[in-house]
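Topology and contacts: notes
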Amino acid sequence: MELLTNAPLPRAVPDKYVFPPEKRPGNNLQLLDPSIALPVVDLRGGRDLTDADRRRVVRDIIDAGKEFGFFQVVNHGVEDGAVRAFRDAAAEFFALRPEEKLPYYSDDQSRPFRVASSTTYDKSETRYWRDYLKLQCFPVDKFVHQWPPKPDQFRDCLGEYIVQVQHLAATLLELIAEGLGLDAGFFRGELSGGDTQMNVNYYPPCPDPSLTLGLLPHCDRHLLTVLSQGDVSGLQAKYGGGWIAVQPIPGAFVINFGHQMEIATNGLLRSVEHRAVTNAAKARMSVATLIMPATECLIAPAPELVGEEDNNPAKYRAFRFSEFIEAYDAAAASRDSVLDYFKI
Ligand code: OGA
Ligand code: NI
């Protein structure tokens, strides 16, 4: 079992984590000027908005979504205490002794709760500087027994956290539907009703962040991601010809769209490539909640967003989500091109 968090940190980056020069963080696209930042949307508590506030929030989300595919939300209704408690419990999991983590260590993607390291598709590839937990987390009753009994508070804190984050996701999906002129319930049901997954990404301090990456450039395969990135930077989103560093904002969530959102909106809200760089000074932990379609959900561009006579034909054919997952897994390292399989 090879976890970065199982051993004292090396003084230099071991060779198997050193990327060839053209793939290093500073050597492909440029990091954009910090004055280019993701929009921050104030959700004003998320519930019981006045009509005027609701219109403003909806407009902010759609504007941000169309331009960046990413935005941050504050005042989102998820309690600070619930976020902190789960983040603490998850960090404690990574700090457990190696033998306590061993029963959960697996590269088998079908496991409902597992810990692993890196993100490689074949063993000869360069390794990424990341340990992670991957788990199924909602509905809670269905998965709670798969979660580890240690640290003591892990199950309770995750249950509390995920119920609140699901609520936020449902609110966002309603606001997005409204902003696109769709029925408020458009994303409810099967499109967002698959079992929710979570990635807890743990990036230990890295002796030389210029040589390696924490997470490969990728697009998310599902519908919507709600990410708590904590107070250490590292996430970067593609924008124009470069990368925007997503600035940590205390208590905020970073929201981005997955491939299914891009397809369901016929390309209006794009699934944007992102990656994580490492940090020499501090460990960084991000908690990504992944809102998924049901496995057999039929996905296609919303008829309301397609119009042959407006010169806006459907860009994607209809498919089942299970078919998409198969194509995504088969595309391995070139996952951003997976949308091509479904283009008309
Ligand atoms: C992910 C992801 C970004 C981060 O888990 O899909 O993009 O900041 N995480 O760790
Ligand atoms: Ni991602």
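Structure report, in brief. (Residues numbered from 1 in each chain as written. Chains lettered and ligands numbered in written order. Predicted model: local features only at pLDDT ≥ 70, side-chain atom pairs only at ≥ 80, totals over all residues. Heavy atoms only, no water.)

Next up on the list: the environment of A116. Tracing the sequence through the fold places A116 in strand 4 (residues 113-117). Take A116: its relative accessible area is 0%, and that puts it in the buried class. Separated by 74 residues in sequence, A116 and D42 place their C-alpha atoms 35 Å apart. (Helix = DSSP H or I, 4+ residues; strand = E, 2+ residues; numbered from the N terminus. Buried < 20%, exposed > 50% of the residue type's maximum accessible area, 1.4 Å probe, protein only.)

Distances from the nickel ion (ligand 2) to its protein donors, H218 (NE2), D220 (OD) and H274 (NE2), fall within 2.1 to 2.2 Å. Sequence positions of the residues that donate to the nickel ion (ligand 2) give the spacing H-x1-D-x53-H. Of this pair, H218 sits in strand 7 (residues 215-218) while H274 sits in strand 12 (residues 274-276); the two residues are 56 residues apart in sequence, bridging distant segments of the chain. The exposure classification of H218 matches that of H274, with both residues buried. (Donors = N, O, S within 2.8 Å, 3.2 Å for Na, K, Ca; no water.)

A cis amide bond, omega 5 degrees, links F138 with the succeeding residue P139. Here the residue pair K150 and P151 is connected by a cis peptide bond, since its omega of -5 degrees sits within 30 degrees of zero. You can see P151 is positioned in the loop between helix 4 (140-143) and helix 5 (154-179). Although it is not a glycine, R44 sits at a positive phi angle of roughly 50 degrees. For R44, the location among the structural elements is in the loop between strand 2 (40-42) and helix 1 (51-68). Notably, N266 is not glycine yet its phi reads approximately 50 degrees, a positive angle. With respect to the helices and strands, N266 occurs in the loop between helix 6 (259-264) and strand 12.

On to the sheet that holds strand 2, then. On the basis of which strands lie adjacent, the open sheet formed by eight strands has the order 2-3-11-8-13-6-5-4 and mixed pairing. Every interior strand has two partners, whereas the edge strands, strand 2 and strand 4, have only one. Looking at each pair of strands side by side, their axes are set apart by 25 degrees on average, direction ignored. As paired strands, strand 8 (residues 224-228) and strand 11 (residues 253-257) are joined by four bridges and run antiparallel to one another. Counterpart to V226 in the pairing with strand 11 is I255. Where helix 2 (residues 80-95) meets the sheet, it contacts strand 4, strand 5 (131-138), strand 6 (196-203), strand 8, strand 11 and strand 13 (284-291), and its direction lies at approximately 115 degrees from that of strand 13. (Pairing = 2+ DSSP bridges. Axes fitted to C-alpha atoms, helices over the stretch in contact; angles between N-to-C directions. Contact = heavy atoms within 4.5 Å.)

Residues in contact with ligand 1, as listed here, are N199, N201, Y203, L215, H218, D220, L227, L235, H274, R284, S286 and A288. Between ligand 1 and H274, the relevant distance is 3.0 Å, taken from an oxygen atom to a side-chain nitrogen or oxygen of the residue. Calculation on ligand 1 without its partners gives an accessible area of 290 Å², and the protein chains cover 96% of this total. Of all the elements in the fold, those that place two or more residues in the shell around ligand 1 are strand 6, strand 7 and strand 13. The residue makeup of the shell around ligand 1, split by class, is five nonpolar, five polar and two charged. (Near = heavy atom within 4 Å. Polar contact = N/O pair within 3.5 Å; in protein donor to acceptor, adjacent residues only side chain to side chain. Areas by Shrake-Rupley, 256 points an atom, 1.4 Å probe, with all protein chains shown as cover. Nonpolar A, V, L, I, M, F, W, Y, C, P; charged D, E, K, R; others polar.)

Looking now at the environment of T289. With respect to the element layout, T289 can be found in strand 13. Classification of T289 by relative accessible area gives buried; the value is 0%.

Time to look at a negative patch on the surface. A cluster of acidic side chains, namely E79, D80, D156 and E160, defines a negative patch on the protein surface. Taking the relative accessible area as the measure of exposure, E79 reaches 49% and is therefore partly exposed. (Patch = residues over 30% accessible without salt bridge, like charges linked within 9 Å, V, L, I, M, F, W, Y side chains within 5 Å. Salt bridge = Lys/Arg side-chain N within 4 Å of Asp/Glu carboxyl O. Lys, Arg positive; Asp, Glu negative; His and termini not counted. Charge placed at Lys NZ, Arg CZ, Asp CG, Glu CD.)

By the definition in use, this model includes 15 salt bridges. Notably, a salt bridge pairs R59 with D60, separated by 3.7 Å at the nearest N-O pair. Linking D340 and K343 is a salt bridge whose minimum nitrogen-to-oxygen distance equals 3.2 Å. Connected through shared salt-bridge partners, R54, E174, E178 and R188 make up one network.

In this section: the packing of helix 2 against helix 5. Where helix 2 meets helix 5, the axes come as close as 9 Å, and the angle between the chain directions of the two elements is 135 degrees. Our classification of the angle between helix 2 and helix 5 gives oblique. The element helix 2 and its partner helix 5 pack so that their crossing is left-handed. For the pair helix 2 and helix 5, contact is made by A82, V83, A85, F86, A89, A90 and F93 and by F154, C157, L158, E160, Y161 and Q164, respectively. Per-class residue counts for the contact of helix 2 with helix 5 are 11 nonpolar, one polar and one charged. (Parallel < 35°, antiparallel > 145°, perpendicular 65-115°, else oblique. Left-handed = near helix turned anticlockwise from the far one by under 90°.)

Attention shifts here to the pairing of strand 11. For strand 11, the buried fraction is high: five of the five residues fall into the buried class. Of the two faces of strand 11, both are covered, the one formed by F253, I255 and F257 as well as the one formed by V254 and N256. Pairing between strand 3 (residues 70-74) and strand 11: four bridges, direction antiparallel. Considered in strand 11, the bridge of F71 is made with I255.

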